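Spelled out, the chains give:
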Protein chains: 2
Amino acid sequence: MGLLKTTLIYPANAFDIQKYRRQEFFILYETPEDYKNITCNYLVETKQFENLKWVYNFLDKKSEEERIIYENPDKHDGFILAPDLKWNGTNLDELYLLAVAHRRDLHSIRDLTPNELPLLENIRDECAKTIEEKYGLKKSQLKMYFHYQPTFYHLHVHIVHIKYEAPGLSCTSVLLDSVIENLKIYSDFYTKATLPFLRKENDPLYKKFVEAGRV
Amino acid sequence: MGLLKTTLIYPANAFDIQKYRRQEFFILYETPEDYKNITCNYLVETKQFENLKWVYNFLDKKSEEERIIYENPDKHDGFILAPDLKWNGTNLDELYLLAVAHRRDLHSIRDLTPNELPLLENIRDECAKTIEEKYGLKKSQLKMYFHYQPTFYHLHVHIVHIKYEAPGLSCTSVLLDSVIENLKIYSDFYTKATLPFLRKENDPLYKKFVEAGRV
């Protein structure tokens, strides 16, 4: 309470400096065509799908195994729950956990279909049960959500205390329960939906949308 | 900058005290059945549809006419744009406008169908044009969204600067562009969707959801 938190990055490379410099934000609306024609190309060009070794090490328990809170080991419908690195582990008002799917072919909510409902419902129900037992918080006191675009392209769910306005949480975040309910009603929702996301003006994906005349 | 803003309410009634007391928040998920069986009853019981005289006075220009920034006078597809009372009118980083529909039969996004697309697109496009001309902000620098549940049950859209985390803006807010795109793909989306919303523990609607075993 009342403490000033600072982050020192040394040495700082060009990416770090760009990340922390004050920049303007923009909201973009990605249609399915934009996803196919702009975003997917960007993801391949920037090797987003090849930069996931740290996630696989975590799922394979080659790193950070001691951080695991809960695991459903099923390779298709299972996941691992662990604290986010940003949480100090004690202040419940800022509780921040991540549920990371075992499946490696799901990159973001764009890939979700009714086939993933068992996985999504496992994450929702088993995380809620685990968190109630371990931290005494009910499901109605938690926000469970996806970022879009995600910070890394391996399917994961953010879980924070209802009052915590976590970094990256915004009106473009997508609640897990909404994803589940949308997929139950409209099986093709995430392949047809226009998905909003926020980007800074120096972001490479933002620039690609500008080049394509989509901003 | 650096000023402390305070709100003095005197005399304060029980409702005011309850509103500002520190309380726990909860997230609720309203199915279409919940809307019909719980929310609609609550709205009728608490006379939400009868407490809108101040909105009608505004639309009829019996009050606050000097605040109007733009109007599309069409009674079916038109609206009035004005600054929100919370905005000081000068700090663009906290720009906060409201677009209020002329139609009086639309209470919230639950009532929206493809029939409302011309109204919604008018709000989006004409507000974007007006704001760019008057304030120099592009559409991609604006968040245009609905609250759910709304604070008052006459259809209106919040428009804020992209960087401004306005009071009430959260992951349960619904972006205007998403509403438009969802209705174009799934005409019955808002009559079928499960809609999340946040409530404090002393809120009467929250209590009704608890009584119904829906929390």
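Residues numbered from 1 in each chain as written. Chains lettered and ligands numbered in written order. Predicted model: local features only at pLDDT ≥ 70, side-chain atom pairs only at ≥ 80, totals over all residues. Heavy atoms only, no water.

Looking at the confidence of the model for chain A
Item 1. In the predicted model, chain A carries a mean pLDDT of 92, and 90% of its residues have values of at least 70.
Item 2. Here the prediction assigns the complex a pTM of 0.89, and the interface score ipTM is 0.88. (pLDDT = per-residue confidence, 0-100.)

Brief notes about the sheet that holds strand S7 (residues 174-175) of chain B
Residue and element names in this part refer to chain B.
Item 1. Ordered in space as S2-S3-S4-S6-S5-S7, the 6 strands form an open sheet in which the pairing is antiparallel. Where the open sheet ends on each side, the last strands, each with one partner, are strand S2 (70-72) and S7.
Item 2. Each of S2, strand S3 (79-83), strand S4 (96-101), strand S5 (142-146) and strand S6 (156-161) touches helix H4 (residues 117-135); the most contacted strand, S3, lies at about 40° to it. (Pairing = 2+ DSSP bridges. Helix = DSSP H or I, 4+ residues; strand = E, 2+ residues; numbered from the N terminus. Contact = heavy atoms within 4.5 Å. Axes fitted to C-alpha atoms, helices over the stretch in contact; angles between N-to-C directions.)

What about the pairing of strand S5 (residues 142-146) of chain A?
Residues and elements named next belong to chain A.
Item 1. In terms of burial, S5 is largely enclosed, as 5 of its 5 residues are buried.
Item 2. Judged by which residues are buried, S5 turns out to be covered on both faces: Leu142, Met144 and Phe146 on one side and Lys143 and Tyr145 on the other are all buried.
Item 3. Bridge count for S5 against strand S6 (residues 156-161) is 4 bridges, and the pairing is antiparallel. Following the sheet pairing, Leu142 is matched in S6 by His161.
Item 4. Alignment of S5 against strand S7 (residues 174-175), held across 2 bridges, turns out to be antiparallel. In the sheet register, Tyr145 faces S7, and the bridge partner there is Leu175. (Buried < 20%, exposed > 50% of the residue type's maximum accessible area, 1.4 Å probe, protein only.)

So, the packing of helix H2 (residues 32-45) of chain B against helix H7 (residues 204-211) of chain B
Residues and elements named next belong to chain B.
Item 1. Running from N to C, H2 and H7 cross one another at 140°; their axes reach a closest spacing of 10 Å. Considering how the two elements wind past one another, H2 and H7 form a crossing that is right-handed. Contact residues: H2 offers Asp34, Ile38, Thr39, Tyr42 and Glu45, while H7 offers Pro204, Leu205, Lys208 and Phe209.
Item 2. Across the contact of H2 with H7, the residue classes break down as 5 nonpolar, 1 polar and 3 charged. (Left-handed = near helix turned anticlockwise from the far one by under 90°. Nonpolar A, V, L, I, M, F, W, Y, C, P; charged D, E, K, R; others polar.)

Comments concerning the side chain of A:His107
All names here are of chain A.
Item 1. As for its position among the elements, His107 is in the loop between strand S4 (96-101) and helix H4 (117-135).
Item 2. The exposure class assigned to His107 is buried, which follows from its relative accessible area of 17%.
Item 3. At 2.9 Å, the side chain of His107 forms a polar contact with the backbone oxygen of Tyr153.
Item 4. Apart from the residues within four sequence positions on either side, His107 is in contact with Phe49, Pro150, Phe152, Tyr153, His154 and Leu155. (Polar contact = N/O pair within 3.5 Å; in protein donor to acceptor, adjacent residues only side chain to side chain.)

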